[in-house]
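Descriptive analysis of the structure
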Amino acid sequence: MSSDTQPVSIREARNNILAEIGDGVTLIAASKRQLDARIEAALAAGQRVFGENRVQEAQQRWTDRLAEHPDLELRLIGPLQTNKAEDAVQLFQTIETLDREKLLRALIKAVEKTDAAAPDLYIQVNTGDEPQKGGVGVAALTDLIAATRETYPGRLVGLMCIPPADEPAAPHFALLKQLADTHDLPQVSMGMSGDYALAARLGATHVRVGTALFGARET
Ligand SMILES: *Cc1c(COP(=O)(O)O)cnc(C)c1O
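Not measured: the values here are computed from a predicted model.

In this section: the site of the ligand. Near the ligand you find 13 residues, and of these Lys 32, Asn 53, Ser 193, Gly 210 and Arg 217 are the closest. Asn 53 places a polar side-chain atom, nitrogen or oxygen, 2.6 Å from an oxygen atom of the ligand. Summarising the interface, the protein chains cover 90% of the accessible area of the ligand, which totals 380 Å² for the free molecule. In terms of residue class, the shell around the ligand is made up of six nonpolar, four polar and three charged.

This part is about the nonpolar core. Across soluble globular proteins, nonpolar side chains show a tendency to be buried alongside one another. Of all hydrophobic cores here, the largest spans 61 residues; its most connected members are Phe 50, Phe 92, Leu 107, Ile 123, Leu 159 and Val 207. In this view, Phe 50 contacts Ile 28, Ala 29, Ser 31, Ala 42, Leu 43, Trp 62, Leu 72, Glu 73, Leu 74, Arg 75 and Phe 214; residues no more than four positions away in its chain are not counted.

We now examine the packing of aromatic side chains. Within this structure, the stated rule accounts for one aromatic pair. On the numbers, 4.5 Å between centres and 45° between planes, the contact of Phe 50 with Trp 62 is tilted. Taken together, the residues span a long stretch of sequence, with Phe 50 in strand 2 (residues 49-52) and Trp 62 in helix 3 (residues 55-68) at a distance of 12 residues. Under the relative-accessibility criterion, Trp 62 is labelled buried at 0%. The lysine or arginine in question, Arg 65, covers the ring of Trp 62, its NZ or CZ lying 5.9 Å from the ring centre.

Remember that side chains alternate between the two faces of the sheet whenever the strand is regular. Most of strand 7 (residues 156-160) sits out of view: five of its five residues are buried. Examined bridge by bridge, strand 5 (residues 120-126) and strand 7 share four bridges and lie parallel to one another. The residue bridging Ile 123 from the neighbouring strand is Leu 159, located in strand 7. Examined bridge by bridge, strand 7 and strand 8 (residues 187-189) share three bridges and lie parallel to one another. Looking at strand 8, one finds that Met 160 is bridged to Ser 189. Handedness of the β-α-β unit built from strand 7, helix 7 (residues 170-182) and strand 8 comes out right-handed.

This part covers the environment of Asn 126. One can find Asn 126 in strand 5. Sequence-wise, Asn 126 and Cys 161 are 35 residues apart; in three dimensions their C-alpha atoms are separated by 6.4 Å. What Asn 126 contacts, discounting residues up to four positions off in sequence, is Lys 133, Gly 134, Gly 135, Val 136, Gly 137 and Val 138.

Here the focus is the confidence of the model for the protein chain. Confidence in the prediction of the protein chain, expressed as mean pLDDT, is 95, and 96% of residues score 70 or more. Across residues 1-7 the pLDDT falls below 50, and counting only partners more than four positions away or on other chains, this stretch makes five contacts in the model.

Right, let's talk about the environment of Leu 176 for a bit. On the secondary structure map, Leu 176 appears in helix 7. Leu 176 gets classed as buried once you look at its relative accessible area, which sits at 0%. Distance in space between the C-alpha atoms of Leu 176 and Ala 67 is 36 Å, their sequence separation being 109 residues. In this view, Leu 176 contacts Val 125, Thr 127, Leu 159, Met 160, Cys 161, Val 188, Ser 189 and Met 190; residues no more than four positions away in its chain are not counted.

On to the pattern of salt bridges. Overall, the coordinates contain 13 salt bridges when judged by the stated rule. Between Arg 61 and Glu 57 there is a salt bridge, with its nearest N and O atoms 3.0 Å apart. Separated by four residues within a single helix, Arg 61 and Glu 57 lie in helix 3, roughly one turn from each other. With a closest N to O distance of 2.9 Å, Arg 155 and Asp 120 form a salt bridge. With Arg 155 in the loop between helix 6 (138-151) and strand 7 and Asp 120 in strand 5, this pair connects stretches of sequence that are 35 residues apart. On the basis of relative accessible area, Asp 120 is assigned to the partly exposed category, the value being 24%.

Scoring rules and cut-offs
Residues numbered from 1 in each chain as written. Predicted model: local features only at pLDDT ≥ 70, side-chain atom pairs only at ≥ 80, totals over all residues. Heavy atoms only, no water. Near = heavy atom within 4 Å. Polar contact = N/O pair within 3.5 Å; in protein donor to acceptor, adjacent residues only side chain to side chain. Areas by Shrake-Rupley, 256 points an atom, 1.4 Å probe, with all protein chains shown as cover. Nonpolar A, V, L, I, M, F, W, Y, C, P; charged D, E, K, R; others polar. Core = buried A, V, L, I, M, F, W, Y, C linked by side-chain atoms within 4.5 Å. Buried < 20%, exposed > 50% of the residue type's maximum accessible area, 1.4 Å probe, protein only. Contact = heavy atoms within 4.5 Å. Phe/Tyr/Trp six-rings, centres within 6.5 Å; stacked < 30°, edge-to-face > 60°. Helix = DSSP H or I, 4+ residues; strand = E, 2+ residues; numbered from the N terminus. Lys NZ or Arg CZ within 6 Å of the ring centre and 35° of its normal. Pairing = 2+ DSSP bridges. Right-handed = clockwise from strand over helix to strand, strands pointing away. pLDDT = per-residue confidence, 0-100. Salt bridge = Lys/Arg side-chain N within 4 Å of Asp/Glu carboxyl O.

Next up, the structure:
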């Protein structure tokens, strides 16, 4: 696709996704490994909420653009190492992948040290209890919620999940929504290109969409 037709198609894709998810749900544009022209097309279409997986890639993509678009909202949706916490709190308004107390402590220290605004936090829940996947297991969630609320008052706003790739997503979405309700957390981040409409029906407040919005990623 040539670069002069790309903006139109990203605009159309975005409009279609917005129509499907409805007014109450926020579209997070998952922008990892997307070409600059496509990022610009999404911005031109009015997209302002973006999710990134890696701190360094996000710095490269957004540092200059933030000066131009002060209304951007950047969200970390990939795993975070404690040694990147300072960079993360300076770039992201929201961190969706809190999954252990050690990271919680690193984030608090990073906010104090950098004087950055304290980000909103989501806890990532490993709803499928997959060994290699990020996120806290369902059994340990209650303790992590309590620790977060105690040490980081007012900043825990929601839960996030990435269901196992080889299972139907609906039971995982339903579980995440139920856990959020149980713990009085208003925001639920779930659903990607293949299942964002389903996630929205099952209670997502935020969907994270990459390829269905931008097209295939660079390898
Ligand atoms: C890449 C990514 C997405 C978007 O994936 P698509 O299938 O391209 O929509 C959503 N959430 C997370 C955590 C991701 O890493």
